[in-house]
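Residue-level structural notes
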Amino acid sequence: MSALLSRLCVSVRPVRALYGLRNSGTGAYRGYNTNPVHCSAWSVARGFSTVPAQTIKYEELKDLLKKEGVALIDVREPWEVKEYGVIKGSLNIPLGDLVSALQLDPTVFEKKYQMKMPEKTSTLIFSCLAGIRSKNAVNVAESLGFNRVHHYSGGFDDWARHEPPEKKL
């Protein structure tokens, strides 16, 4: 396994150098566009996803939630959901449970979460309290083959500034 990983790292380094990708994923090099949303090399360097994750704001989240086939997954812990509330229509799957949840049999997923399991082509939006754990959730989902993932960077804190949260019992 380590031999495979070292080969992968060696093959990605030239791509990163060509496009000027630093550890942060940004930076200009010879005029190439290194914006992670627009740079195809970025998807190679960050996990072979064909469509890079997009960071979205409140207004974009509101628009996406109106569409069919969009799942908003809140990766906070259950105690946080009880204490602070939820974004209406969101599904709570704590970050530590996300890998196993997204690999469940669809009927088991539906029974456990009272929601149809998202397909690999479904639009998934991840949120947490302030946008840190949800960014990690994006990486998890992409590693499992989901290719339409979004990160709500403001998280629940931002949502609560715009709208009153729904309380969970």
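Residues numbered from 1 in each chain as written. Predicted model: local features only at pLDDT ≥ 70, side-chain atom pairs only at ≥ 80, totals over all residues. Heavy atoms only, no water.

Looking at an unreviewed UniProt entry, one finds the protein named Rhodanese domain-containing protein, with Xenopus laevis as its source organism.

**Side note on the overall build of the protein**
In plain terms, the rule: Per the convention used, a helix needs a DSSP run of H or I reaching at least four residues, while a strand needs a run of E reaching at least two, with both numbered from the N terminus. In this scheme, a residue with accessible area under 20% of its type's maximum is buried, one over 50% is exposed, and one in between is partly exposed, where area comes from a 1.4 Å probe on protein chains only. We get accessible surface area from the Shrake-Rupley algorithm with a probe of 1.4 Å; when it comes to residues, only the shown protein chains can shield them.
Helix and strand counts for the protein stand at eight helices and five strands. Mapped in sequence order, the helices and strands of the protein form the string α-α-β-α-β-α-β-α-α-β-α-β-α. Per-residue burial for the protein yields a buried fraction of 40% across its 169 residues. With an accessible surface of roughly 10,000 Å², the protein has 56% of that area assigned to carbon and sulfur atoms.

**Brief notes about the packing of aromatic side chains**
What counts is decided by this rule: For this analysis, a ring pair means two rings from Phe, Tyr or Trp (six-membered ring only for Trp) whose centres lie within 6.5 Å, classed as stacked if their planes differ by under 30 degrees, edge-to-face if by over 60, and tilted for the remaining angles. Placement of a charge over a ring requires the Lys NZ or Arg CZ to be within 6 Å of the ring centre, with the centre-to-atom vector within 35 degrees of the ring normal.
The final tally for this structure, using the stated rule, is two aromatic pairs. Residues Phe109 and Tyr113 carry aromatic rings whose centres are separated by 4.8 Å and whose planes lie at 45° to one another, so their mutual orientation is tilted. Here Tyr113 and Phe109 lie together in helix H6 (residues 106-113), a separation of four residues that amounts to about one turn. The same class applies to Phe109 and to Tyr113, which are both buried. One cation-aromatic arrangement involves Arg76 over Phe156; the distance from NZ or CZ to the ring centre is 4.4 Å.

**Things to note about the layout of surface pockets**
Let me state the cut-off plainly: Using a grid of 1 Å spacing that covers the protein atoms alone, one calls a set of points a cavity when a 1.4 Å probe fits there but cannot get out, and a pocket when the set is open and has protein on both sides within 12 Å along at least five of seven lines; lining residues are those with an atom within 4 Å of a point. Grid points are joined across faces, edges and corners, and a volume is the space filled by probe spheres set on the points. Polarity classes work like this: nonpolar for Ala, Val, Leu, Ile, Met, Phe, Trp, Tyr, Cys and Pro, charged for Asp, Glu, Lys and Arg, and polar for all others, with Gly in that last group.
A volume near 150 Å³ is recorded for the second largest pocket. In terms of lining residues, the second largest pocket is bounded by Gly69, Val70, Ala71, Met115, Lys116, Met117, Pro118, Glu119 and Ser122. Taken together, the residues of the lining of the second largest pocket break down into five nonpolar, two polar and two charged.

**Thoughts on the pairing of strand S4 (residues 123-127)**
Each regular strand shows side chains that alternate between the opposite faces of the sheet. Quick note on the threshold: Two strands are said to pair when DSSP picks up at least two bridges between them. The path from the first strand over the helix to the second decides the hand: if it runs clockwise while the strands point away from the viewer, the crossover is right-handed.
Extensive coverage of S4 is indicated by the burial of five of its five residues. Alternating positions in S4 separate into two faces, Thr123, Ile125 and Ser127 on one and Leu124 and Phe126 on the other, with burial throughout. Bridge count for strand S2 (residues 70-74) against S4 is five bridges, and the pairing is parallel. When the sheet's bridge partners are listed, Asp74 is paired in S4 with Ser127. Across three bridges, S4 lies against strand S5 (residues 149-152) in parallel orientation. The residue of S5 that forms the bridge with Phe126 is His151. Since S4 and S5 lie parallel, the crossover through helix H7 (residues 133-143) that links them has a hand, and here it is right-handed.

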